[in-house]
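Residue-level listing of the chains:
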Amino acid sequence: MEAKEKGQAKEREPRVAPGQSLKPAATDVFQRLHASHAARVEKLSMMQELAQQQEAAKLDELKRCTIRTCSSAEEAGQVYGRL
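Residues numbered from 1 in each chain as written. Predicted model: local features only at pLDDT ≥ 70, side-chain atom pairs only at ≥ 80, totals over all residues. Heavy atoms only, no water.

1. Some thoughts on the overall build of the protein
Inclusion rule: Only DSSP runs of H or I with at least four residues qualify as helices, and only runs of E with at least two residues qualify as strands; both kinds are numbered from the N terminus onward. Relative accessible area decides the class of each residue, using a 1.4 Å probe on protein chains only: under 20% of the type maximum gives buried, over 50% gives exposed, and in between gives partly exposed. Note on areas: Shrake-Rupley, 1.4 Å probe, and residue coverage restricted to the protein chains presented here.
For the protein, the count of helices and strands is 3 helices and 0 strands. The order of helices and strands in the protein, counted from the N terminus, is α-α-α. Looking at the 83 residues of the protein, the share that counts as buried comes to 0%. Looking at the protein as shown, the accessible area adds up to about 8700 Å², and 57% of this sits on carbon and sulfur atoms.

Here it is as structure tokens:
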């Protein structure tokens, strides 16, 4: 029974040689995660830019619909001056 306990105790000992680093080995997982995050951030920024462009287009359309005349600034000033 003691031999069995010694065998289990030996299995529990860390298998790291003296002077060896305990850091995990670099894997592709981190590179994949960074690439995935970069793609997600790029997609989000594109969606935000598209939303801003759509909002600007709506504002331009609203401005176009509310302008009653196609006059110059001088003509507009004369009209508004009479009011």
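2. Things to note about the confidence of the model for the protein
The line we're drawing: Values of pLDDT, which run from 0 to 100, indicate the predictor's confidence residue by residue.
Of all residues in the protein, 71% attain a pLDDT of 70 or more, and the chain-wide mean is 79. Across the protein, the element-wise mean pLDDT spans from 61 in helix α1 (residues 2–12) up to 90 in helix α2 (residues 28–66).

3. Some details on a nonpolar patch on the surface
Going by this rule: Candidate patch residues must exceed 30% relative accessible area and have no salt bridge, after which like charges are joined if within 9 Å and Val, Leu, Ile, Met, Phe, Trp or Tyr side chains if within 5 Å. Every case where a carboxyl oxygen of Asp or Glu lies within 4 Å of a side-chain nitrogen of Lys or Arg is listed as a salt bridge.
A contiguous nonpolar patch, built from V29, F30 and L33 and spanning about 280 Å² of accessible area, is present on the exposed surface. Mapped onto the fold, L33 is located in helix α2. Using a relative accessible area of 47% as the deciding quantity, one classes L33 as partly exposed.

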